[in-house]
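Examination of the molecular architecture
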Amino acid sequence: MTTITARAALLDMDGTLVDSTAIVERLWWEWAEPHGLDWRTVLETVHGRQGWQSMAMLLPDRDHGINIVENEQMLDRESIETDGVVEIAGAARFLQSLAPFPHAVVTSANLALMTARMGAAGLTIPALAITAERVANSKPHPEGFLLAASIFDVAPADCVVFEDSGAGIQAGLDAGMTVIGVGPHAPKFSPTHHVDDLTGMRIDADAAGFTISFG
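Let us look at the structure shown here.

Conventions we followed
- Residues numbered from 1 in each chain as written.
- Predicted model: local features only at pLDDT ≥ 70, side-chain atom pairs only at ≥ 80, totals over all residues.
- Heavy atoms only, no water.
- Helix = DSSP H or I, 4+ residues; strand = E, 2+ residues; numbered from the N terminus.
- Buried < 20%, exposed > 50% of the residue type's maximum accessible area, 1.4 Å probe, protein only.
- Contact = heavy atoms within 4.5 Å.
- Areas by Shrake-Rupley, 256 points an atom, 1.4 Å probe, with all protein chains shown as cover.
- Lys, Arg positive; Asp, Glu negative; His and termini not counted.
- Charge placed at Lys NZ, Arg CZ, Asp CG, Glu CD.
- Phe/Tyr/Trp six-rings, centres within 6.5 Å; stacked < 30°, edge-to-face > 60°.
- Pairing = 2+ DSSP bridges.
- Axes fitted to C-alpha atoms, helices over the stretch in contact; angles between N-to-C directions.

Before going further, it helps to spend a moment on the overall build of the protein chain. Looking only at helices and strands, the protein chain features eight helices and eleven strands. A principal-axis box enclosing the C-alpha atoms of the protein chain has dimensions of 55 × 30 × 30 Å. Looking at the protein chain as a whole, 49% of its 215 residues are labelled buried. Taking the contacts inside the protein chain whose residues are at least 6 apart along the sequence as the reference set, 62% of them involve residues at least 24 apart. Accessible surface computed for the protein chain: about 9,700 Å², of which carbon and sulfur atoms make up 52%. The protein chain carries 12 positive and 28 negative side-chain charges, and their two centres are separated by 2 Å.

Dropping the structure here:
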């Protein structure tokens, strides 16, 4: 059993709290196919980032304005097409156990998409949500995590990040935070710790804040 002391928990959404893999991959496949892009490269790029940022990486010579427009169109569709969106195992209970303590969602999704997916998965949205509208720099930049820590008035070293993607794990580590990688793909991005899902997480009050135990 591993036990970590923390004062705030910062949680990614897609792949960490919510499984939206089916809809994400379908919409990106529809976007990528006309451009003749390698599907494996697309999947490795899009997870954990804002859509316009992924488009710029995949089509580096394309006008930025087109990426912004197409990203908005994709966000609109993602906010409506939520069939098949479910919680990551243990997410609802985990959020409930965190309720007495500082915790936030830090996601590359915008507010509408976060609200739609959390609702579709039956999850309670934390009081603090750092969405795409609130940052100038998307993951892998640490801005979102550092903003959440600042709002809570908690030092980065006292925050624990839960993330599944390479971009998100890098952002958490660069913020100076402990990172628990969630899911089968997280270990290859070298998080501080790793869990398969959220079913084994235990939260207990502690004199310094709270403890997170797993393993």
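Past the structure itself, the notes keep going.
Our focus in this paragraph is the packing of aromatic side chains. Scanning the entire structure with this criterion turns up four aromatic pairs. Ring centres of W28 and W31 lie 5.2 Å apart, and the angle between their planes is 75 degrees; on these two criteria the pair is classed as edge-to-face. Here W31 and W28 lie together in helix α1 (residues 21-32), a separation of three residues that amounts to about one turn. Of the two residues, W28 and W31, both sit in the buried class. Consider the rings of W29 and W39, whose centres lie 5.2 Å apart with planes at 85 degrees: the pair is edge-to-face. Residue W29 is found in helix α1, and its partner W39 is found in helix α2 (residues 39-46); the two are separated by ten residues along the sequence.

Bringing the sheet that holds strand β1 (residues 2-6) into the picture now. Spatial strand order, β1-β11-β10: three strands in an open sheet with antiparallel pairing. The sheet terminates laterally at β1 and β10 (202-206), the two strands that pair on one side only. Pairs of neighbouring strands in the sheet enclose a mean axial angle of 25 degrees, with direction left out of account. Note that β10 and strand β11 (residues 209-214) share five bridges and pair antiparallel. Paired with I203 across the bridge in β11 is I212.

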